[in-house]
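# Observations on the model geometry
Here's the letter readout for the chains.
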Amino acid sequence: MSAAAVATSIFGVFMVATVALGLFAVRGRGGQGGLTEWSVGGRSLGAVFIWVLMAGESYTSFSYLGAAGWGYNFGAPVLYVVAYMSCGYAVGYVVGPMLWAYAREHGLVGITDMIAHRYGKPWLGAVVAVLATVFLLPYIQLQITGMGVVVSTISYGSISLNWAYFLAFAVTTGFVVVSGLRGSAWVSVLKDVLVIATLAFLAIYVPLHYFDGYGHFFDRIVAEKRDWLTLPGSGGSAYGTAWFATTSLLNALTVVIFPTTVAGYLGARNADALRRNAIWLPAYNVLLFVPMLLGMAALFVVPGLTGADSNLALFKLVTDSLPAWAVGVIGVAAALSSIVPMAVFMLVIGTMWGRSVLSLVPRLHSQSRQKAASQTVVVIAGTLALIMTYTAPNTLVRLSLISYEGMAQLLPMLLLGLVWRRLSLVGAASGLVVGVGIVCALVFTENDPVFGVNAGIVALAANLAVALAVTWARPADADPRPDTEVLASDPDPEPAEVTSGTSGTASA
Amino acid sequence: MIRRRPHLLWLLVPFVLYIGALPFVNRVEPVVFGLPFFFAWMLAATVLTPVAAYLTWRGDQRMRAGR
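Residues numbered from 1 in each chain as written. Chains lettered and ligands numbered in written order. Predicted model: local features only at pLDDT ≥ 70, side-chain atom pairs only at ≥ 80, totals over all residues.

Let us now look at the overall build of chain A. Regarding its fold elements, chain A presents 22 helices and zero strands. In chain A, which comprises 508 residues, the proportion classed as buried is 59%. (Helix = DSSP H or I, 4+ residues; strand = E, 2+ residues; numbered from the N terminus. Buried ≥ 20, exposed ≤ 12 C-beta atoms within 10 Å, placed from the backbone.)

Shown next, in the form of structure tokens:
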């Protein structure tokens, strides 16, 4: 059997197993529970499941391709990924349980739902859902592209890129429509086993194979590639200390309200599962050092990769040094690293639309119809991302630049709004418009980083200033509901205690 | 909230390690077990973050037990 056939067969077997696992996960639960079961696993996932699911979301095909590519191109700046994820988990220790309790108390399934509830305006939820979808679609497209590149590479080119894209779309869309969040958590288990095993193997094998061990590898890097080892990294990149600090800070705050993270939070059985997760999830970040270092190892083995090709730094090493079956297994790990996050992204888009947009249509009010409508949206969103992968790849790459920084602009409206009653609808909305406007302006004029600082944090500062100014300049919103109905609080670590001390929440 | 749960301050540890310390740790030497200093520092921070989160959690547990 040729190398391509071996690697492709292994890949095919695992893809079938993935879909089967998704079906198995929801066996006996199909049809019951409606939107809540599908979108947040009936709020019944335990600590371990939430761990693998959230670790799965954060460890995407970017980790295999982009992290190695950044390591190859720039070096040290890529460590911002580890920095913001670790800091983000720390923020999540407080914010996760808070959002979880808020959603459970009011029967909500996502951030758009929360915003609609907080401000008492369903249309605001719909507007935010549309905005969030625009910011999420590029991620789906990036995963489709990432998985396509992986599939094409491990089949040694026998599956063309265009077919590989379609395969990525078909497997993921089919999978998520039938299985929902619970199935994604199950596949995350399979994926984590493969990811940990393959990265641990590569971490040992590659330095031994090419450099006779880590000692020589690091010696060579320190001697020959010093530029790569400190900020701002190689080739006079724009990613200096100020950029590293502001990006880590902004992303750490944004990641806790990112719709996919929130989907993980809301799936938890109780608040303590989330707190314990905040302890163990950062440990997973140690694994991220592997692709980063391997990307730098590729500098010596396959020098001269430029542009998008640098994303293949890690896979060039793999296909260059390993037999076909091993290439196949590593390809499966990378492909599952696309499928799981992509599934959760699609699920979140479906849920947001089902709950916040389509529910405004009276005909779609019942739970089962909401679920069916959400699943339809998933297929449409996936198709849209696939079409754009073929027809307008550059547009989406541009959009993906503003995704994270754009999503950050929801911070005042959502998080500040949930702890501070006075923040008015008009204030929060004005801030959001200004923030998103500034992000788009700076990114599209290629001024990100601006003055060495992350453009999103500049926009967020303006966003917050406008939100506060408009709020104070106008009379308070006339909303008769009591604070306890509108605001969120971190559920007390003591489950039995009645939350009497709500006075502390305003300053949280 | 901080007054009632002062152990939440442990959660600032990763911010100090990853962001606050940047100006002092952005260097190649000294090399730690062969690892360039900046990478060694970031790896240490990654290992210490779970410890900080654990201390926070333990504080919450003690608060629960104490009342």
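There is more to say, and it comes next.
The next subject is the overall build of chain B. Scanning chain B for helices and strands turns up three helices and zero strands. When the helices and strands of chain B are placed in sequence order, the string is α-α-α. In terms of overall size, chain B is more extended than a compact globule, its C-alpha atoms giving a radius of gyration of 15 Å where 67 residues would be expected to give roughly 11 Å. Partitioning the intrachain contacts of chain B with sequence separation of at least 6 by distance along the chain shows that 58% fall at a separation of at least 24. (Rg over C-alpha atoms; globule rule 2.2 N^0.38 Å. Contact = placed C-beta atoms within 7 Å.)

As a further point, take the confidence of the model for chain B. Per-chain confidence: chain B averages 85 in pLDDT, with 99% of residues scoring 70 or above. Taken together, the chains of this predicted complex give a pTM of 0.83 and an interface ipTM of 0.92. (pLDDT = per-residue confidence, 0-100.)

Residue and element names in this part refer to chain A. Ala68, Ile140, Leu294, Met346, Ile349 and Leu414 are the most contacted members of the largest nonpolar core, which has 197 residues in total. The greatest single-element share of this core, amounting to 22 residues, is contributed by helix α16 (residues 324-357). Each residue touching Ile140, except ones within four places of it in the same chain, is listed here: Met342, Phe345, Met346, Ala381, Gly382 and Ala385. (Core = buried A, V, L, I, M, F, W, Y, C linked by C-beta atoms within 7 Å.)

Residues and elements named next belong to chain A. Running from N to C, helix α11 (residues 241-255) and helix α21 (residues 455-473) cross one another at 60°; their axes reach a closest spacing of 8 Å. When the interaxial angle is binned, α11 and α21 end up oblique. For the element pair α11 and α21, the recorded crossing hand is left-handed. Contacts between α11 and α21 involve Thr246, Leu249 and Leu250 from the first element and Gly456, Ile457 and Leu460 from the second. Tallied by class, residues from the contact of α11 with α21 come to four nonpolar, two polar and no charged. (Axes fitted to C-alpha atoms, helices over the stretch in contact; angles between N-to-C directions. Parallel < 35°, antiparallel > 145°, perpendicular 65-115°, else oblique. Left-handed = near helix turned anticlockwise from the far one by under 90°. Nonpolar A, V, L, I, M, F, W, Y, C, P; charged D, E, K, R; others polar.)

At the junction of the two partners, chain A supplies 41 residues and chain B supplies 33 residues. Residue assignment for the side of chain A that touches chain B shows that the elements contributing at least two residues are α6 (80-106), α10 (214-224), α11 and α13 (271-284) of chain A. Here the element with the most residues in the side of chain A that touches chain B is α6 of chain A; it accounts for eight residues. Class assignment for the residues of the side of chain A that touches chain B results in 26 nonpolar, ten polar and five charged.

To continue, consider the environment of Val31 of chain B. Looking at the secondary structure, you find Val31 of chain B in the loop between α2 (22-25) and α3 (37-66). Judged by the 15 C-beta atoms lying within 10 Å of it, Val31 of chain B falls in the partly exposed class.

So, on to the environment of Tyr165 of chain A. Residue and element names in this part refer to chain A. Looking at the element boundaries, Tyr165 is found in helix α9 (residues 161-211). Taking the number of C-beta atoms within 10 Å as the measure of exposure, Tyr165 has 22 and is therefore buried. Among residues more than four places away in sequence, those in contact with Tyr165 are Ile144, Gly148, Leu386 and Thr389.

The next thing to look at is the packing of helix α5 (residues 66-73) of chain A against helix α14 (residues 289-301) of chain A. Residue and element names in this part refer to chain A. Interhelical geometry of α5 versus α14 gives an angle of 45° and a closest axis separation of 7 Å. Taken together, the axes of α5 and α14 lie oblique to each other. In this structure, α5 meets α14 at a crossing whose hand is right-handed. Facing Ala67, Ala68, Gly69, Trp70, Gly71 and Tyr72 of α5, the residues of α14 in contact are Pro291, Met292, Leu293, Leu294, Gly295, Met296, Ala298 and Leu299.

Over its 30 residues, α3 of chain B extends 42 Å from the first C-alpha to the last, a length consistent with the 44 Å expected when each residue adds 1.5 Å. At Leu48 of chain B, α3 of chain B shows its largest bend, some 25°, and a proline, Pro50 of chain B, comes one to four positions later. Of the residues making up α3 of chain B, those classed as buried are Phe39, Trp41, Met42, Ala45, Thr46, Thr49, Pro50, Ala52, Ala53 and Thr56 of chain B. Of the surrounding elements, those touching the buried residues of α3 of chain B are α6 and α13 of chain A together with α1 (13-20) and α2 of chain B. (Expected span 1.5 Å × (residues − 1). Bend = angle between axes of the 7 residues up to and from the residue.)

By the criterion of burial, helix α19 (residues 411-419) of chain A is predominantly enclosed, with seven of the nine residues buried. On its buried face, α19 of chain A is in contact with α6, α7 (111-119), α11, α20 (425-444) and α21 of chain A.

Right, let's get into the environment of Thr230 of chain A. Mapped onto the elements of the fold, Thr230 of chain A is located in the loop between α10 and α11. On the basis of neighbour counts, which here come to 21 C-beta atoms within 10 Å, the residue Thr230 of chain A falls in the buried class. Linking Thr230 of chain A and Phe74 of chain A, residues 156 residues apart in sequence, is a C-alpha distance of 9.5 Å. In contact with Thr230 of chain A, not counting residues within four places along its chain, are Ala76 of chain A together with Asn26, Arg27, Val28 and Phe38 of chain B.

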